[in-house]
Amino acid sequence: MTTLYVTEQGSEIRCDGERLVVRREDACIGSIPLIKVEDVVIIGNIGISTPAIKRLLDQGVNVTFLTVEGRYHGRLVGSVSAHAALRAAQYRRLADREWSLSLAQRFVEGKLRNCRALLRRFARNRAEVAAEVESAADDLERFIERVPRTTTLNSLMGVEGSATARYFGGVRALIGPEWRFEARIRRPPPDRVNALLSFGYTLLVHKMLGAVEGVGFDPYAGFLHQIDYGRPSLVLDLIEEFRPLLVDSLVIRCCNDGRIAFDDFTETPDGAYPVLLSDEGKRRFVAAFEERMRTAVTHPDGADGRPGKVDYLRCLTLQARRLARAVQGGADYEPLVAR
C-alpha cells in the first residue's frame, strides 16, 4: 500500500477500471492499481473526477488537498466508525485540567528530548561541528528540567516556545550558510529552509490524522494545543515528538546532500509566500519523506506489546494507541524518544 502524491499542475485524476490514472491534456502521465493505494494527496491545481472520488471513498481511501505552497486545504473522508467510548473518555479528560496538563507536559518533554537527540547525533557524526550545536543541546537539557515544574498550560507553552527557538539556533549551525536560514518562522515561511519545514510538517499532520482517526479519537480535541475551529489539535499534540525525528532531520539532510537544491525554489517577494518550491522539488522531497517514514526503528510495543522493529508510519499508530490506553485509564502516556 502506498500514498499517491499528485503534484503535476493542471492534471486530473480519473478512474479507469481498477486503476487510478493521472492525465494531463489527454495524455496519461501515470497510473496505479486502486488496490495498491492507501491514500491520495493532491498538491495544488489538480482535478479529480467524481467517479474517482466515489471509488476511493468506497474503498476507504482518503483524499487530502494541499495548496500549491504545501499548506493543508481540506480532506475527503469516507464513513468513519468512531469509537464512542474513547471519545467520551477523551472529553472527560479534557475537562480535568490537572490530567490534561500532565499529558501536555509529556508531549513537550518528548519533543524536546528528541530535539536534543537530533543535535547530539549530528554533532557525533561530523568531523567538525559548530560549538553552537553542542551549546544548544546543553541548553535543551535545562529546558527539559523545567517542563514538569510548570503549573499552567500557558507557562508550559512558554517553556516549549523558548526551547524550540534555542533548538533551531543549533539546527541553523547544521545547515550550510548558503541557505540563509536564521530562525524558525511559520507564517509565511520567509526562506527555503522554513518552506521545507512547513511542507514536511503538513505531510506529517496528514499521516498522523489518519492514525488518530483510525484509533477512534476526535482529532480536533487536543490537550497541549487548545481547541480552535478547524484545527486538528490532537494531531498537533501527537506529532510534537515526531517533528525532529521525521521532518527536521530530513530537511537538514536534504539541504546538505543535494536532494533539494537552492535553485529548486522561486523567490516571489511580492506574493503571499516569499519562496515557492518547484513541482520537481516537491516530488523529490515527498519521495525522501516517504523513505523516511519506511525507516525501521525499535518501538516498545512493536511486537504485540513487546519491543520490536516497525517503520515510523506504524509508530504513529502505536503512539495513538498508547494515548488511547492512557485516556481510558491505563498506563501514563510515554512519548517515543530516540536513544
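Residues numbered from 1 in each chain as written. Predicted model: local features only at pLDDT ≥ 70, side-chain atom pairs only at ≥ 80, totals over all residues. Heavy atoms only, no water.

Chemist: Where do I start with the overall build of the protein chain in this structure?
Modeler: The number of helices and strands found in the protein chain is ten helices and twelve strands. Expected size for 339 residues packed as a compact globule is a radius of gyration near 20 Å; at 20 Å, the protein chain falls within 12% of this value. Taken along the three principal axes of its C-alpha coordinates, the protein chain extends 60 × 55 × 40 Å. Expressed as a percentage of its 339 residues, the buried residues of the protein chain come to 51%. Considering only residue pairs separated by 6 or more positions, the protein chain has 61% of its internal contacts joining residues 24 or more positions apart. Carbon and sulfur atoms form 49% of the exposed surface of the protein chain, whose accessible area is close to 15,900 Å². Side chains of the protein chain give 48 positive and 45 negative charges; the mean places of these two sets differ by 4 Å. (Helix = DSSP H or I, 4+ residues; strand = E, 2+ residues; numbered from the N terminus. Rg over C-alpha atoms; globule rule 2.2 N^0.38 Å. Buried < 20%, exposed > 50% of the residue type's maximum accessible area, 1.4 Å probe, protein only. Contact = heavy atoms within 4.5 Å. Areas by Shrake-Rupley, 256 points an atom, 1.4 Å probe, with all protein chains shown as cover. Lys, Arg positive; Asp, Glu negative; His and termini not counted. Charge placed at Lys NZ, Arg CZ, Asp CG, Glu CD.)

Chemist: Looking at this structure, how should I read the sheet that holds strand 8 (residues 72-76)?
Modeler: One key point about sheets: their strands pair by backbone hydrogen bonds, in either a parallel or an antiparallel sense. One open sheet accounts for four strands, arranged 1-5-7-8; its pairing is mixed. Since the sheet does not close on itself, it has two edges, and those belong to strand 1 (2-6) and strand 8, each with one partner. Taking the axes of each pair of neighbouring strands and ignoring which way they run, one obtains an average angle of 20° across the sheet. Examined bridge by bridge, strand 5 (residues 37-43) and strand 7 (residues 62-66) share five bridges and lie parallel to one another. If you follow Asp-39 over to strand 7, its bridge partner there is Asn-62. (Pairing = 2+ DSSP bridges. Axes fitted to C-alpha atoms, helices over the stretch in contact; angles between N-to-C directions.)

Chemist: How should the pairing of strand 12 (residues 306-311) be read in this particular structure?
Modeler: Remark: a regular strand shows side chains that alternate across the two faces of the sheet. Strand direction decides the pairing type here: strand 11 (residues 296-303) and strand 12, joined by five bridges, are antiparallel. When the bridges of strand 12 are listed, Ala-303 appears paired with Arg-306. Counted along the chain from strand 11 to the antiparallel partner strand 12, the turn is two residues long, and its residue Asp-304 has a positive phi close to 55°.

Chemist: Mind showing me how you'd approach the nonpolar core here?
Modeler: Leu-119 and Phe-242 are the most contacted members of the largest nonpolar core, which totals 88 residues. Looking at this core element by element, the count peaks at 14 residues for helix 6 (residues 192-215). One finds Val-6, Ile-13, Ile-48 and Ala-52 within the second-largest nonpolar core, a separate group that totals 16 residues. (Core = buried A, V, L, I, M, F, W, Y, C linked by side-chain atoms within 4.5 Å.)

Chemist: Help me understand the sheet that holds strand 3 (residues 19-24) in this model?
Modeler: Ordered in space as 4-3-2-6, the four strands form an open sheet in which the pairing is mixed. Either end of the sheet is taken by a strand with one partner, and the two such strands are strand 4 (27-33) and strand 6 (47-48). In this sheet, strand 4 lies alongside strand 3 in antiparallel orientation, the contact comprising six bridges. What sits directly across from Arg-19, in strand 4, is Pro-33. Of the strands in this sheet, strand 2 (12-16), strand 3 and strand 6 are in contact with helix 1 (residues 50-58), which crosses strand 2 at around 70°.

Chemist: How should the environment of Leu-316 be read in this particular structure?
Modeler: Locating Leu-316 in the fold gives a position in helix 10 (residues 312-327). Judged by its relative accessible area of 1%, Leu-316 falls in the buried class. With 21 residues separating them along the chain, Leu-316 and Val-337 place their C-alpha atoms 13 Å apart. Residues within four places of Leu-316 in sequence aside, it is in contact with Leu-204, Lys-207, Met-208, Ala-211, Phe-242, Leu-246 and Met-293.

Chemist: What is the right way to read the layout of surface pockets from this model?
Modeler: Picture a little ball the size of a water molecule; that probe, rolled over the atoms, points out where space is still empty. Of the volumes computed, that of the largest pocket is approximately 1,300 Å³. If you go around the largest pocket, you meet 42 residues; those closest to its centre are Arg-184, Arg-186, Arg-187, Leu-236 and Arg-243. Mapped by element, the contributors of at least two residues to the lining of the largest pocket are helix 5 (153-172), helix 6, helix 7 (233-239), helix 8 (243-257) and strand 10 (275-277). Here the lining of the largest pocket gets eight residues from one element, more than from any other, and that element is helix 5. Along the lines of polarity and charge, the residues of the lining of the largest pocket split into 21 nonpolar, eight polar and 13 charged. (1 Å grid on protein atoms, 1.4 Å probe; cavity = no way out; pocket = protein on both sides within 12 Å on 5 of 7 lines; lining within 4 Å. Points joined across faces, edges and corners; volume = space filled by probe spheres on them. Nonpolar A, V, L, I, M, F, W, Y, C, P; charged D, E, K, R; others polar.)

Chemist: How should I be thinking about the pattern of salt bridges in this particular structure?
Modeler: Here the idea is simple: oppositely charged side chains can pair when their charged atoms come close. Taken as a whole, this structure holds 27 salt bridges when the rule is applied. The partner of Arg-24 in a salt bridge is Glu-8, and the shortest N-O contact between them spans 2.6 Å. Here Arg-24 is found in strand 3, whereas its partner Glu-8 is found in the loop between strand 1 and strand 2, with 16 residues between them in sequence. For Glu-8, a relative accessible area of 25% puts it in the partly exposed group. The salt bridge involving Arg-180 is made with Glu-267; its shortest N-O contact spans 3.5 Å. On the criterion of sequence distance, the pair formed by Arg-180 in the loop between helix 5 and helix 6 and Glu-267 in strand 9 (residues 265-267) is long-range, its members being 87 residues apart. Among the residues examined, Glu-267 registers a relative accessible area of 45% and is labelled partly exposed. Here the salt bridges share partners, and the residues they tie into one network are Glu-8, Arg-24, Asp-264, Glu-280, Arg-283 and Arg-284. (Salt bridge = Lys/Arg side-chain N within 4 Å of Asp/Glu carboxyl O.)

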